[in-house]
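Here is what each chain is made of, one letter per residue.
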Amino acid sequence: MQFFGFHLMPYPYLTDEHRGRPDSSWITLSNQNFDPRRGHELYQRYLRELVLYDEVGFDGVCVNEHHQTAYGLMPAPDVVAAVLIPQTRGKIAVLGNAISLRDHPLRVAEEIAMLDVISGGRIISGFVRGIGAEYQTFQLDPTQSRGRFHEAHDLIVEAWTRPGPFEWYGRHFKLRYVNPWPRPLQQPHPPVWSPSQGSAETVGWAARHRYTYLQTYSDIATLRRAFTEYREAAGRHGYTAAPAQLGWAAPVYLADTDEQARREAAPHLDYLFNTLLRMPRDMFFPPGYLTMASAPRVLGAKRGLGEGQNDLADLIERGYALVGSPATIRQQIEQYASELGFGIFCGICQFGSLGHEEFERSVRLFADGVIPALRPAGDGRA
Amino acid sequence: MATTRSSMTGTEASQTAARVAERDLTVHETRIRMLSAGAGDPFLYLHDSGDLGRWAPWLSGLAGRYTVWRPDHPGFNASADGADIDSVHELAFFYLDLLDELGLDRVILAGAGLGGWLAADLATIEPERVSRLILAGARGIRTDERVPDIFLLSAAELAELTYHTDGARSAAREQAEQLADDPGRFERYLRNRSATAHLGWNPYLHDPKLPRRLHRATAPTLILWGAQDRLLPVRHARRWAELLPRTHVTVINDAGHLPLAEQPGASLQAIRNFCGES
């Protein structure tokens, strides 16, 4: 098992006035609620927390991209990755450049190649479409999201691997000269990860390319379905999926006892699930963002994750978050891993409004009480 | 223009009142569903983005004098996707091909909302094909007034904002809340929303280049607007009147964004008066 520490860089200072509001913490929540002075201190703290993952023995750290939201303060994940390079030794996973949202995919090819060369080949490149709300952020036609994603991906990988200059004439991008400098250090290119909430289309795509598929925010039932679909798709493409091709990302919090962990995590999970993730369905899934194969099921459901009040005990019960003592968390990950066959676990140890002290204590408990037991001998980092 | 291919096979289903024919029609490889009724001079109606494919009762009020043609746009309702149609301007060329296909040299051209935008665009390309132009709550132009973002609204919220009178509003809201209970209807709603987004996501439901072309649309034009339109306030009617060369504006009282649906009597009277003039 490989372990990664994921950080969302949430904005924790929304007042009660915003908590429980019917609308959203995305797009329409005024940026006047962001205090740049407190923001400065937050970034300092959050960067220290990312470095802590690396220091205590995680295989790597994960950063990601979101826009116009209190959910996360990383609209530019490559910037955060650059800051982390001199402060870390392990992998840096940019879990999701939202390549459909970029005006120009070659900018991503260039930035990731820069990071890879500067870091000495420690970069993992995640590709995502961006969530639905972000098609409002950039006023980008959501019906073109998948098409742009696939073409941007193809262009980036080709830009990394095919001797330039060459011509690209696609539906969305038409370029006379593709010839980016620098090229990545890792050959043929940095590992690609595909984070998703479990859409069948994305699972199939990741399996076809043999990319690591990372399931985020889901219950165990969805996790099982997605991994099964991945293995079946791999079989259709004539290979057997390795555990390192399957990853699970979930909020995780540890304390000395299960009871203490639940008590301490509760307000911050509440802030994550019931304030930061709050989003009306039509914002979460704009027209055409989902295929017609999945849209009626998702949009016809009685309630989605971003709506109404999520019951925390229920979320924990269903596996949306792992909360407990080191022994409990170790057993859960071990049991799920042997049952579901994944080889990568990304702990979202910072979530909601969690304070630094609780974060650090939880991460150290994870590093001491979970990682060594689940990492095979000889698989440890130097 | 002589090389369009067509197939007029398909079901001929009778709908309400005016004995409505339903058939499939293929224009340059794009298959659409066409409803038609009546006899007389051709009247082509281009529907709004929220239209779920029903023959609107008010159309029957025109079928006594006209042959009324009412297609589902490519990508909407029971029509196939129009693969490369990614703007209203492109869609207008599709409809010029359709006129050729039907052998219609000249039509009364009407449209509501998105369909109004489409009608106005078509009238700038081949003005001689349009004897009269009728725009009801037409999208397509922008004013400084900020308008609601229909793509952020749920079906029920959109229904509330679309209509004005209590009865129409609550009926539409109730239908919208039950949308997911009828799989066929729900799928049409989702497809229509997606097709509308593809045509009008950015810029938001208008074409910044259209105003510079509107002087070419020389047909007599009726601008029909709901006095209480909250999706596209009546100020837009006045802007259309400034941009188009020969307009007559009729504002319908006690109507929101769809005056033809909400006040069909007054709206039809306005159309009859307009078409009776010469």
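See above for the structure.
Residues numbered from 1 in each chain as written. Chains lettered and ligands numbered in written order. Predicted model: local features only at pLDDT ≥ 70, side-chain atom pairs only at ≥ 80, totals over all residues. Heavy atoms only, no water.

**Q** Explain the side chain of Asp48 of chain B here, please?
**A** All names here are of chain B. Note that Asp48 resides in the loop between β3 (41-46) and α1 (57-60). No salt bridge is formed by the buried Asp48, whose closest oppositely charged neighbour, Arg139, lies at an N-O distance of 5.8 Å. The residues contacting Asp48, other than those within four sequence positions of it, are Ala112, Gly113, Leu114, Gly115, His257 and Leu258. (Helix = DSSP H or I, 4+ residues; strand = E, 2+ residues; numbered from the N terminus. Buried < 20%, exposed > 50% of the residue type's maximum accessible area, 1.4 Å probe, protein only. Lys, Arg positive; Asp, Glu negative; His and termini not counted. Salt bridge = Lys/Arg side-chain N within 4 Å of Asp/Glu carboxyl O. Contact = heavy atoms within 4.5 Å.)

**Q** Could you clarify how one ought to interpret the pairing of strand β8 (residues 212-216) of chain A in this entry?
**A** Both faces of the sheet carry side chains from a regular strand, because those side chains alternate between them. All names here are of chain A. Taking burial as the measure, the five residues of β8 include five buried ones, the bulk of the element. Here β8 shows no split at all, with Thr212, Leu214 and Thr216 on one side and Tyr213 and Gln215 on the other all buried. With four bridges joining them, strand β7 (residues 192-196) and β8 adopt parallel strand pairing. Across the sheet, residue Pro195 finds its bridge partner in β8, namely Leu214. (Pairing = 2+ DSSP bridges.)

**Q** Would you explain unusual backbone geometry in this entry?
**A** Leave glycine aside and you will find that most residues have negative phi; peptide bonds, for their part, are mostly trans. All names here are of chain A. In this structure, Pro165 follows Gly164 across a cis peptide bond, with omega equal to -5 degrees. Tracing the backbone shows Pro165 in the loop between α5 (145-161) and β5 (166-169). Residue Pro182 follows Trp181 across a cis peptide bond; omega there is -5 degrees. Tracing the chain through its elements places Pro182 in the loop between β6 (174-178) and β7. The residue Ile27 is not glycine, and still its phi comes out positive at about 60 degrees. Tracing the chain through its elements places Ile27 in the loop between β1 (2-7) and α1 (36-56).

**Q** Help me understand the interface of chain B and chain A, please; the structure alone is not making it clear to me.
**A** With 19 residues of chain B at the contact, the number on the chain A side is 19 residues. Taking both partners together, chain B and chain A bury about 1,600 Å²; carbon and sulfur atoms supply 62% of that area. Our count for the contact surface shared by chain B and chain A stands at two salt bridges. With a shortest N-O distance of 3.3 Å, Asp84 of chain B and Arg171 of chain A are connected by a salt bridge. If you look at where chain B meets chain A, you find eight residue pairs in polar contact (both at pLDDT 80 or more). When the residues that make up the side of chain B that touches chain A are grouped by side-chain class, the tally is 10 nonpolar, four polar and five charged. (Buried area = accessible area lost by both parts, 1.4 Å probe. Polar contact = N/O pair within 3.5 Å; in protein donor to acceptor, adjacent residues only side chain to side chain. Nonpolar A, V, L, I, M, F, W, Y, C, P; charged D, E, K, R; others polar.)

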